[in-house]
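Spelled out, the chains give:
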Amino acid sequence: MASVRYDHVTKQFSETVKAVNDLSLDIKDKEFLVLVGPSGCGKTTALRLLAGLEEITSGTISIGDRVVNDVAPKDRDIAMVFQSYALYPHMSVFDNMAFGLKLRKMPKSDIEKRVKEAAGILGIDHLLDRKPKQLSGGQRQRVAVGRAIVREPKVFLFDEPLSNLDAKLRVETRAGISKLHQRLGTTFIYVTHDQTEAMTMATRIAVMKDGILQQIGTPSELYDHPSNVFVAGFIGSPSMNFFNGKLAGSNGNMVFDMGAFKLPVPADIRETLRARNDDQYVVGIRPEDIYDAAYQAPDIESSAVEAQVDVVEPMGSEIFLNLLSGENTFVARVDPRSGARAGNQVGLAFNVNKVHVFDKKSEITLR
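Below is a short write-up of the structure.

**Notes on the environment of Y88**
Inspection of the secondary structure puts Y88 in the loop between β6 (78-81) and α2 (93-103). Judged by its relative accessible area of 34%, Y88 is partly exposed. C-alpha of Y88 to C-alpha of T186: the two residues are 98 residues apart in sequence and 26 Å apart in space. If we ignore the near neighbours within four places in the chain, the residues touching Y88 are N96, F99 and P132.

This is the structure we're talking about:
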């Protein structure tokens, strides 16, 4: 078992391309850390630097107490699971899982014990005699994970391992990997562009953009207290709604003017905004904090807004409404009893206490 540390790590491919830019990150022993961000943000490069598959431009990476910058990949005591299963088609499941151990010249009895234990954990012990072509996508992915488990590494690295699976199988395998982490008690570092995977699996999430770490925290910390507009919009599905709001009024009557409607400024930020020499802000609110007024949650401080329904998306337990109000487009997650229909006007209730406020220029969170 081991902790992992990135200390001011940079990976520069050219004068203009920094895939990872001054990354400092401490990953605790036995933690399940997820690196998340859009394509090209540097998350996979950060993982490959740890694995030794890319050379660091500057900075240091440590596994436990050992700096591994100049350590060969095979000697770093890590195991990596890729998006591609990378199984040998001519070998059985057993032989695919045992291959790395055979290269180490481990005794046959130890190899058999490790492979059978890993297969039992993953529920593929009945597949050991099959070839990869006889397996489903989910089974192949479990074999790839099993091949990593038998090595008993200090750190497991996962590079978007569920991308090739269908939606139902992704959910099942996601739960399986979480259970695997609990059972093995080993450090997991997992890369994905899917924020749902990140939210459901991680002990902590590190959000990256353009090679730069934006924020690290627990799923609830990132969801409730995003550090900037990018994190706020990336975490959560559907994503947070954003409006350009002009500060107007004074004292208890301060409002954000969005053009077609106004929202009262939450009491806890009025003094802060009053002291700033600025009247332009980005106002954010999550879809679940916008209610059909007929079914709004009790005991919330709400503000009434009228909007036109553009698209209705029934989801069973809830309804997604795509809405128009002046030049503003936004999404609400409302009660399934809502009678909203496309083309009609609907009365909405915004939960004022759930409003997020960002500086318009820097996009940093103010509330």
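**Thoughts on the packing of aromatic side chains**
Using the criterion set out here, one finds 16 aromatic pairs in the structure. Centre to centre, the rings of F230 and F234 are 5.7 Å apart; their planes meet at 20°, and the pair counts as stacked. Linking F230 with F234, this pair stays in helix α8 (residues 229-234), spanning four residues, or about one helical turn. Overall, F234 belongs to the buried group, its relative accessible area being 16%. Aromatic side chains F243 and F261 sit 5.5 Å apart centroid to centroid with 85° between the ring planes, which places their arrangement in the edge-to-face category. Here F243 is found in strand β11 (residues 241-248), whereas its partner F261 is found in the loop between β12 (255-257) and β13 (262-264), with 18 residues between them in sequence. In this structure, F243 and F261 share a single accessibility class: buried. Pairwise contacts between aromatic rings join F32, F156, F158, F188 and Y190 into one cluster. Over the aromatic face of Y223 sits the side chain of R286, whose NZ or CZ is 4.0 Å from the ring centroid.

**What about the side chain of T45?**
Turning to its location among the elements, T45 is positioned in helix α1 (residues 43-51). The buried category is assigned to T45, whose relative accessible area is 14%. Every residue in contact with T45, bar those within four places of it in the chain, is listed here: K11, F13, A19 and V20.

**Description of the side chain of D159**
If you trace the backbone, D159 turns up in strand β7 (residues 155-159). One buried charged side chain, D159, makes no salt bridge at all; its nearest oppositely charged neighbour is R48, positioned 5.9 Å away. Separated by 3.1 Å, the side chains of D159 and T44 make a polar contact. Once you skip the residues sitting within four places of it in the chain, D159 turns out to touch T44, L47, M80, V81, F82, Q83 and V191.

**Digging into the sheet that holds β12**
Across the sheet, which stays open at both edges, the five strands sit in the order β13-β12-β11-β14-β20 with antiparallel pairing between neighbours. Two strands in the sheet have a free side with no partner beyond their single neighbour: β13 and β20 (356-359). Across this sheet, the average inter-strand angle for adjacent strands is 40°, counted without regard to direction. Across three bridges, the pairing between β12 and β13 is antiparallel. Bridge pairing links F256 to L263 in β13.

Reading guide: rules and limits
Residues numbered from 1 in each chain as written. Predicted model: local features only at pLDDT ≥ 70, side-chain atom pairs only at ≥ 80, totals over all residues. Heavy atoms only, no water. Helix = DSSP H or I, 4+ residues; strand = E, 2+ residues; numbered from the N terminus. Buried < 20%, exposed > 50% of the residue type's maximum accessible area, 1.4 Å probe, protein only. Contact = heavy atoms within 4.5 Å. Phe/Tyr/Trp six-rings, centres within 6.5 Å; stacked < 30°, edge-to-face > 60°. Lys NZ or Arg CZ within 6 Å of the ring centre and 35° of its normal. Lys, Arg positive; Asp, Glu negative; His and termini not counted. Salt bridge = Lys/Arg side-chain N within 4 Å of Asp/Glu carboxyl O. Polar contact = N/O pair within 3.5 Å; in protein donor to acceptor, adjacent residues only side chain to side chain. Pairing = 2+ DSSP bridges. Axes fitted to C-alpha atoms, helices over the stretch in contact; angles between N-to-C directions.

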